[in-house]
Amino acid sequence: MPVLKFRVYWEEDESVYRDIAVKPSQNFLQFHQAILTAYEFDSKHKATFFRSNDNWQRGREIILEADNQPRKAEPLLMSDTPIGAMVKAPNQKFIYLYDFAKNWTFLVELIGVAKDENAKLSYPACVRKEGLAPSQYGTKGLIGDKLVEMEEKYDLNREGMSEEGYGEEGEESGEDGEDGMEESGGEEENIY
């Protein structure tokens, strides 16, 4: 059975994304749960998918549960809708909204189709993570391990910065000329 690979971008920062592999026969409810797991979000809030075009315009809605809201077209239910039934183009796009109060928005794009399943994976599966996921409830996600992880990734501590040429703002080393330029035979060369 083929496997669809979707890239799920956080709308606020496209460098933050998760690649999720899913079988066409699996439904949008399973996909919704895989996205939440990949971004380390809880499942306490409502969510919806919209089929989309290349301009990220919202099309047919696929809702988590029936809500009796008036719409132009009757929405589909996530639990009843196989993903393969909604993929109409080789780069099919969806918009995924989660927690309508916070309005978390993710742009979902089909980026590949594999002919065969990977026997080692349990689908749907997050197969790639890029960027630090946004914290669902504010900055509490940056406490403890996450903050240490960020410090290591971006080397946020000040130790070692002076050896690498980083000093206090406005400091002059005094080794070169007064203006930070080397003198060589009457011409000044910029050493930066």
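Preceding this paragraph is the structure being described.
Every chain begins its residue count from 1, and numbering advances along the sequence as written. Local features in this predicted model are restricted to residues whose pLDDT is 70 or higher, and side-chain atom pairs enter the listing and the counts only when it is 80 or higher, whereas totals over whole chains, interfaces and linings include all residues. Each side-chain value is derived from all of the structure's non-hydrogen atoms; neither hydrogens nor water enter the calculation.

A.B. asks: Looking at this structure, how should I read the sheet that holds strand S3 (residues 47-52)?
C.D. replies: Hydrogen bonding along the main chain pairs the strands of a sheet, whether they run parallel or antiparallel. DSSP calls a pair of strands paired once it identifies at least 2 bridges connecting them. Secondary structure counts use DSSP, requiring at least four H or I residues in a row for a helix and at least two E residues in a row for a strand, with both numbered from the N terminus. Spatial ordering of the open sheet is given by S5-S4-S3-S6-S7-S1-S2-S8, a layout of 8 strands whose pairing is mixed. The open sheet has two edge strands, strand S5 (76-77) and strand S8 (125-130), and neither has a second partner. Bridge count for S3 against strand S6 (residues 93-98) is 6 bridges, and the pairing is antiparallel. Across the sheet, residue Ser 52 finds its bridge partner in S6, namely Lys 93.

A.B. asks: I keep staring at the pairing of S6 and nothing clicks. Help me out?
C.D. replies: Within S6, 6 of the 6 residues are buried, leaving the element largely enclosed by the surrounding structure. Along S6, one buried face is formed by Lys 93, Ile 95 and Leu 97 and the opposite face, lined by Phe 94, Tyr 96 and Tyr 98, is buried too. Alignment of S6 against strand S7 (residues 104-114), held across 6 bridges, turns out to be antiparallel. Bridge pairing links Leu 97 to Thr 105 in S7. Hairpin geometry of S6 and S7 is characterised by an intervening segment of 5 residues between the two adjacent antiparallel strands and by a positive phi of about 60° at Asp 99. When accessible area is computed with a 1.4 Å probe and restricted to protein chains, residues below 20% of their type maximum are described as buried, those above 50% as exposed, and intermediate ones as partly exposed.

A.B. asks: Looking at this model, I keep getting lost on the packing of aromatic side chains. Mind explaining?
C.D. replies: Here the distance between the centres and the angle between the planes together describe a pair of aromatic rings. Stacked, tilted and edge-to-face are the three classes assigned to paired rings of Phe, Tyr and Trp, where Trp is represented by its six-membered ring and a pair needs centres within 6.5 Å; plane angles under 30 degrees give stacked, over 60 edge-to-face, the rest tilted. Using the criterion set out here, one finds 15 aromatic pairs in the structure. Ring plane angle 10° and centroid distance 5.6 Å describe the contact between Phe 31 and Phe 49, whose orientation is recorded as stacked. In this pair, Phe 31 is assigned in helix H1 (residues 28-38) and Phe 49 in strand S3, connecting sequence segments 18 residues apart. Per residue, the accessibility class of Phe 31 equals that of Phe 49, and both read buried. Their ring planes at 40° and their centres at 6.0 Å tell us that Tyr 96 and Phe 106 sit as a pair that is tilted. Placement of the pair is Tyr 96 in strand S6 and Phe 106 in strand S7, with a sequence separation of 10 residues. Judged on exposure class, the residue Tyr 96 and its partner Phe 106 are both buried. Of the aromatic side chains, those joined through ring pairs into one cluster are Phe 6, Trp 10, Phe 28, Phe 31, Tyr 39, Phe 41, Phe 49, Phe 94, Tyr 96, Tyr 98, Trp 104 and Phe 106. Should the NZ of a Lys or the CZ of an Arg lie within 6 Å of a ring centre and within 35 degrees of the ring normal, that charge is described as sitting over the ring. Over the aromatic face of Tyr 39 sits the side chain of Arg 18, whose NZ or CZ is 4.8 Å from the ring centroid. The ring of Trp 56 is capped by Lys 93, whose NZ or CZ atom sits 5.6 Å from the centre of that ring.

A.B. asks: Please clarify how the side chain of Thr 81 should be interpreted in this entry.
C.D. replies: Relative to the helices and strands, Thr 81 is located in the loop between S5 and helix H2 (83-86). A relative accessible area of 5% places Thr 81 in the buried class. Polar contacts, as used here, are pairs of N or O atoms within 3.5 Å; protein pairs need one atom able to donate a hydrogen and one able to accept it. Residues neighboring in sequence count only if both atoms are side-chain atoms. Within the structure, Thr 81 has its side chain in polar contact with the backbone oxygen of Leu 77 (distance 2.7 Å). The contact partners of Thr 81, leaving out residues within four places of it in the chain, are Gln 26, Asn 27, Phe 28, Ile 62, Leu 76 and Met 86. Working rule for contacts: check all heavy atoms of both residues, and any pair within 4.5 Å makes them a contact.

A.B. asks: Explain the environment of Pro 82 here, please?
C.D. replies: Assignment of secondary structure puts Pro 82 in the loop between S5 and H2. In this structure, the C-alpha to C-alpha distance between Pro 82 and Leu 29, residues 53 residues apart in sequence, is 9.0 Å. Here Pro 82 is in contact with Pro 24, Ser 25, Gln 26, Asn 27 and Phe 28, once residues within four sequence places are set aside.

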